[in-house]
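Residue strings, one per chain:
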Amino acid sequence: MLELPPLRIADKTFRSRLFVGTGKYASYELMRDCLDASGCEVVTVAVRRERLYDAQNRSLLDFLDTRRYTILPNTAGCFSAEDAVRVARLGREILEQLHNPGATWVKLEVLADKRTLLPDPIGTLEALQALRADGFHTLVYTSDDPVMARRLKDAGAASVMPAGSPIGSGQGVLNPSNIRIILESLKNEDPDYPVIVDAGVGTASDVSIAMELGADGVLLNTGVASAKDPLSMARAMSHAIEAGYLACRAGRIPKKLYASASSPVEGTIVY
Amino acid sequence: MKLIINGQEERVDLGVATLEALLDRRRPIPPFAVELNKQLIKRPDFARTPLAEGDRVEIVTLVGGG
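Residues numbered from 1 in each chain as written. Chains lettered and ligands numbered in written order. Predicted model: local features only at pLDDT ≥ 70, side-chain atom pairs only at ≥ 80, totals over all residues. Heavy atoms only, no water.

Asker: Whenever I open this one, the overall build of chain B confuses me. Can you help?
Answerer: Regarding its fold elements, chain B presents one helix and five strands. A compact globule built from 66 residues should have a C-alpha radius of gyration of about 11 Å, and chain B, at 12 Å, falls within 12% of that. For the C-alpha atoms alone, the extent of chain B along its principal axes is close to 40 × 25 × 20 Å. Of all 66 residues assigned to chain B, the portion counted as buried reaches 45%. Restricting the contact set of chain B to residue pairs at least 6 apart, pairs at least 24 apart contribute 52%. Accessible surface for chain B amounts to roughly 3,500 Å². Of this, 47% is attributable to carbon and sulfur atoms. Within chain B, the 10 negative side-chain charges are centred at a point lying 3 Å from the centre of the 10 positive side-chain charges. (Helix = DSSP H or I, 4+ residues; strand = E, 2+ residues; numbered from the N terminus. Rg over C-alpha atoms; globule rule 2.2 N^0.38 Å. Buried < 20%, exposed > 50% of the residue type's maximum accessible area, 1.4 Å probe, protein only. Contact = heavy atoms within 4.5 Å. Areas by Shrake-Rupley, 256 points an atom, 1.4 Å probe, with all protein chains shown as cover. Lys, Arg positive; Asp, Glu negative; His and termini not counted. Charge placed at Lys NZ, Arg CZ, Asp CG, Glu CD.)

Here's what the structure looks like:
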């Protein structure tokens, strides 16, 4: 694997640009192996009422090397700013006990409704302001609306994370034009400002597309955890990050309507 | 006394009604964090946090998520 330039978000620097979730795996062993195969350094987790032990009384943390990974706690499942702030504080309290660097940050999700899991923009902005005042570095899940993305950056988001498509839908990047506008708008005078495409990834090409558009990284979960062969998909996602990053900087050719031969016309023996 | 612990109504008989006494009884597996009536209570404050009838206690940990 090539070494890509490091990704900087708030007070943290990473070699891997792939963030991977820890939900939905068939077993903790499979999750552990997929995280390893993906090469990720950041993993997301959720905060829930304590009870979730498997049949052998094992928990997520028995399979997550908290010295290796930076844990990014999310506020998934919150439908109000107030609840998101509560969950963020609970997550920080737990990560401080683990002495994990993830204690200083949070992935903010304030959702609007259970069917679409689309973000509530007003609640998201309110929660961001409260979390910032409480000292969090906040990575903000949002829709692919360029206006909202700008508002979140201006309000102090450590990273704006537009969805490619709805959470867990596997539809990929549905509106590449909006992602491009977000990138242009947020990076215009601040080229190192981190924009992570979060949600909707179904397969490796979705990751490559996000990176080719100029995203700094991709956050995904279901695309790996629910693949037929999650371990192979984890590897594929890692390669896709690299392919997309390099292709973006290499500069793609413009799309043309008609063909353009690659072999010289001169010297052909056809007459 | 009646408490609502992780959304479930429970009757508990604590000698001294503090958060520490409740947690000593339940023994959640660390790491965990605790809220009382929607306010985060930090570990050093468990012993001096009284519980009252009908209080809502949340005891949470980390689980898989995206």
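Asker: Help me out: how do you make sense of the overall build of chain A in this one?
Answerer: For chain A, the helix and strand inventory stands at eight helices and 10 strands. A globule of 271 residues ought to have a C-alpha radius of gyration of about 18 Å, and chain A, at 20 Å, matches this closely. The dimensions of chain A, computed from C-alpha atoms along their principal axes, are 80 × 45 × 35 Å. Considering chain A as a whole, with its 271 residues, one finds that 51% of them fall into the buried category. Summed over all atoms, the accessible surface of chain A reaches about 13,200 Å², with 52% contributed by carbon and sulfur. The positive charge centre, built from 30 side chains, and the negative charge centre, built from 33, are 2 Å apart in chain A.

Asker: Would you take a moment to explain the packing of aromatic side chains for this structure?
Answerer: Aromatic ring pairs are defined here through the distance separating the ring centres and the angle between the ring planes. Residue and element names in this part refer to chain A. One pass over the structure, following the stated rule, counts three aromatic pairs over all chains. Note on Tyr 28 and Phe 63: the rings are 5.3 Å apart at their centroids and 20° apart in plane angle, and the pair reads as stacked. Separated by 35 residues along the polypeptide, Tyr 28 in helix 1 (residues 28–38) and Phe 63 in the loop between strand 4 (42–49) and strand 5 (70–73) bring together distant segments of the chain. Phe 63 carries the same exposure label as Tyr 28, and that label is buried. Of the aromatic side chains, those joined through ring pairs into one cluster are Phe 14, Phe 19 and Trp 105. Here Lys 12 stacks its cationic end above the ring of Trp 105, 4.8 Å away from the centre of that ring. Geometry around Tyr 245 places Arg 249 over its ring, the cationic atom sitting 3.8 Å from the centre. (Phe/Tyr/Trp six-rings, centres within 6.5 Å; stacked < 30°, edge-to-face > 60°. Lys NZ or Arg CZ within 6 Å of the ring centre and 35° of its normal.)

Asker: Any chance you could explain the nonpolar core here in plain terms?
Answerer: Of all hydrophobic cores here, the largest spans 71 residues; its most connected members are Leu 35, Leu 64, Val 207 and Met 237 of chain A. With eight residues, helix 2 (residues 81–97) of chain A is the single largest residue contributor to this core. With near-sequence residues (within four places) excluded, Met 237 of chain A lies in contact with Leu 18, Val 201, Gly 202, Thr 203, Ala 204, Val 207, Leu 220, Gly 223 and Val 224 of chain A. Counting 15 residues, the second largest nonpolar core, distinct from the first, contains Leu 14, Leu 23, Leu 36 and Leu 51 of chain B. (Core = buried A, V, L, I, M, F, W, Y, C linked by side-chain atoms within 4.5 Å.)

Asker: Whenever I open this one, the interface of chain A and chain B confuses me. Can you help?
Answerer: One widely used convention gives an interface's size as the accessible area the parts lose upon coming together. Opposite the 29 residues of chain A that make contact, chain B presents 23 residues. Of the roughly 2,400 Å² buried between chain A and chain B, counting both surfaces, carbon and sulfur atoms make up 59%. It is Arg 49, Glu 50 and Arg 86 of chain A in chain A that bury the most area against chain B; as a group they hold 28% of the surface buried on that side. Here chain A is connected to chain B by six salt bridges. Applying the counting criterion to the chain A and chain B interface returns 15 residue pairs in polar contact (both at pLDDT 80 or more). Put simply, the parts of the chain that give the side of chain A that touches chain B at least two residues each are strand 4 and helix 2 of chain A. Considering each element in turn, the side of chain A that touches chain B owes the most residues, nine residues, to helix 2 of chain A. Grouping the amino acids of the side of chain A that touches chain B by side-chain chemistry returns 12 nonpolar, seven polar and 10 charged. (Buried area = accessible area lost by both parts, 1.4 Å probe. Salt bridge = Lys/Arg side-chain N within 4 Å of Asp/Glu carboxyl O. Polar contact = N/O pair within 3.5 Å; in protein donor to acceptor, adjacent residues only side chain to side chain. Nonpolar A, V, L, I, M, F, W, Y, C, P; charged D, E, K, R; others polar.)

Asker: Could you clarify how one ought to interpret the state of the cysteines in this entry?
Answerer: Each disulfide consists of a covalent bond between the sulfur atoms of two cysteine residues. Residue and element names in this part refer to chain A. Using the criterion set out here, one finds zero disulfides over all chains in the structure. Unpaired in this structure, Cys 34 has its nearest cysteine sulfur neighbour in Cys 40, at a distance of 9.9 Å. The exposure class of Cys 34 is buried, given its relative accessible area of 1%. A relative accessible area of 3% means that Cys 40 is categorised as buried. (Disulfide = S-S within 2.5 Å.)

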